[in-house]
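# Examining the three-dimensional arrangement
Given next are the chains, with one letter for each unit.
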Amino acid sequence: MNRADLIQCWTAALLTATVVGCASKGPKAPVADFQPTPLGSVSDPIWQQQEENAEASDFVIHEHEWVGNSSKLNPAGMEHVKQIASRAAATPFPVIVERSSMSVDPQTQHLLPVNGREDLDAERRNLVAHALVQMGVQEADTRVVVAPALTPGFQEFEGGRAYNRGFSDSGGLDGGFGGGGGGSFSGLGGGGFF
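Residues numbered from 1 in each chain as written. Predicted model: local features only at pLDDT ≥ 70, side-chain atom pairs only at ≥ 80, totals over all residues. Heavy atoms only, no water.

## Some words on the sheet that holds strand β2 (residues 95-98)
Read from one edge of the open sheet, three strands run β1-β2-β5, paired in parallel fashion. Taken across any chain shown, the strands that pair with only one partner, and hence form the sheet edges, are β1 (60-61) and β5 (144-147). As paired strands, β1 and β2 are joined by two bridges and run parallel to one another. Looking across to β2, one finds that V60 is bridged to I96. (Pairing = 2+ DSSP bridges. Helix = DSSP H or I, 4+ residues; strand = E, 2+ residues; numbered from the N terminus.)

Here it is, written out as structure tokens:
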């Protein structure tokens, strides 16, 4: 069988999805031994990794959980530290104190509260570590670190959109990708699925 015949044979096989005519002209093409895998065997590990990553984010104490630019936790921050203490023994995740970013640097021209303070970060870290030790987390001093949050926060426009979506009549189903009434996927009374 020459090259032109072989190309013609494979083209015919691809177009008709059969190799019956090619079998008489030469050796059969090797067929891969295909064993189907159970449903979810490819996607389940991806979902499990995403769940684990999300659980690690539960151990981040964010900047908004402190009273202003201080080392005092607000009520939500205190509750969060209690939740971390109750789950710490069952998980290997570090406890992350998000770096401060709302301090004023007196050496700048406009004195805007957009700077971090390492001394404040250290105070916050020590406070959280001490509180966790008091609640029975023995390795808290080595597990509590100062670092950026694992996920970025909302941008201004995202926060406003999420806030407003919570007050919509349709439970957040109006607006679609286009925003406002009449967005994409407008099957829900002028709104969209998102």
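## Quick look at the packing of aromatic side chains
The geometry of two aromatic rings is summed up by the distance between their centres and the angle between their planes. Going through the model one piece at a time under the given rule, you end up with one aromatic pair. Measuring from centroid to centroid gives 5.8 Å for F59 and F93, while their planes differ by 45°, and the two rings are tilted. Linking F59 in the loop between α3 (44-57) and β1 with F93 in the loop between α4 (75-87) and β2, this pair joins segments that are 34 residues apart in sequence. Of the two residues examined, F59 and F93, each falls in the buried class. (Phe/Tyr/Trp six-rings, centres within 6.5 Å; stacked < 30°, edge-to-face > 60°. Buried < 20%, exposed > 50% of the residue type's maximum accessible area, 1.4 Å probe, protein only.)

## A look at the confidence of the model for the protein chain
For the protein chain, per-residue confidence averages 79 on the pLDDT scale, and 78% of positions sit at 70 or higher. Ignoring residues within four places in sequence, the model shows residues 174-194, a span with pLDDT below 50, making 42 contacts including any to other chains. (pLDDT = per-residue confidence, 0-100. Contact = heavy atoms within 4.5 Å.)

## Some words on the pairing of β2
Taken together, β1, α4 and β2 form a β-α-β motif whose crossover is right-handed. As judged from the four bridges shared by β2 and β5, these two strands associate in the parallel manner. Bridge pairing in β5 links V95 to V144. (Right-handed = clockwise from strand over helix to strand, strands pointing away.)

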